[in-house]
Amino acid sequence: MKEKSLAELQREVDQYISHFKEGYFSPLSMLARMSEEVGELAREVNHRFGEKPKKASEADNSIELELGDILFITICFANSLGIDLTEAHDKVMHKFNTRDANRWTKKDTE
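Predicted model only: the values in this text are computed from it and were never measured.

Caption draft 1: Molecular detail of a nonpolar patch on the surface. A grouping of Val92, Met93 and Phe96 is seen on the molecular surface, where their side chains present a nonpolar patch of about 230 Å² in accessible area. Examined against the element boundaries, methionine 93 turns out to sit in helix α4 (residues 85–98).

Caption draft 2: Representation of the nonpolar core. Of all hydrophobic cores here, the largest spans 10 residues; its members are Val13, Ile17, Met30, Met34, Ile73, Ile75, Cys76, Phe77, Ala78 and Leu85. Secondary-structure elements contributing two or more residues to this core are α1 (6–17), α2 (27–49) and α3 (63–80). Apart from residues lying up to four places away in sequence, cysteine 76 is in contact with Val13, Ile17, Tyr24 and Met30.

Caption draft 3: Structural context of the pattern of salt bridges. Summed over the entire model, instances satisfying the criterion amount to 6 salt bridges. Across the pair lysine 2 and glutamate 8 runs a salt bridge, and its minimum N-O distance is 2.9 Å. Given the relative accessible area of 57%, lysine 2 is considered exposed. Classification of glutamate 8 by relative accessible area gives partly exposed; the value is 27%. Across the salt bridge formed by aspartate 100 and arginine 103, the nearest N and O atoms sit 3.8 Å from each other. With a relative accessible area of 5%, aspartate 100 lands in the buried category. Arginine 103 gets classed as exposed once you look at its relative accessible area, which sits at 53%. Three or more residues joined by partner-sharing salt bridges are found here, namely Arg99, Asp100 and Arg103.

Calculation rules
- Residues numbered from 1 in each chain as written.
- Predicted model: local features only at pLDDT ≥ 70, side-chain atom pairs only at ≥ 80, totals over all residues.
- Heavy atoms only, no water.
- Patch = residues over 30% accessible without salt bridge, like charges linked within 9 Å, V, L, I, M, F, W, Y side chains within 5 Å.
- Areas by Shrake-Rupley, 256 points an atom, 1.4 Å probe, with all protein chains shown as cover.
- Salt bridge = Lys/Arg side-chain N within 4 Å of Asp/Glu carboxyl O.
- Helix = DSSP H or I, 4+ residues; strand = E, 2+ residues; numbered from the N terminus.
- Core = buried A, V, L, I, M, F, W, Y, C linked by side-chain atoms within 4.5 Å.
- Buried < 20%, exposed > 50% of the residue type's maximum accessible area, 1.4 Å probe, protein only.
- Contact = heavy atoms within 4.5 Å.

If you want it as structure tokens, here you go:
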């Protein structure tokens, strides 16, 4: 499978959303949806790595699918506000590489 860029992902989601009259949800609705998805991810992580096993009657979701849901809603959120996620990522990496450059213990590279 061909690797996709963030720009390609943003276009793909935008094309999908363009098929619906409702379009993108409002920012507040998307934030609520994102919070729901993060909660679902937390539940899956707790089941897999925490002390709370799943009940036999619970659906079999996965961390991968929950992360995919979070990525989708993040892309929707960005698209609705005209935010280029590649540019946003570059700005965040610049922040980590400058402001936080000495915050963590670096691995020995020798």
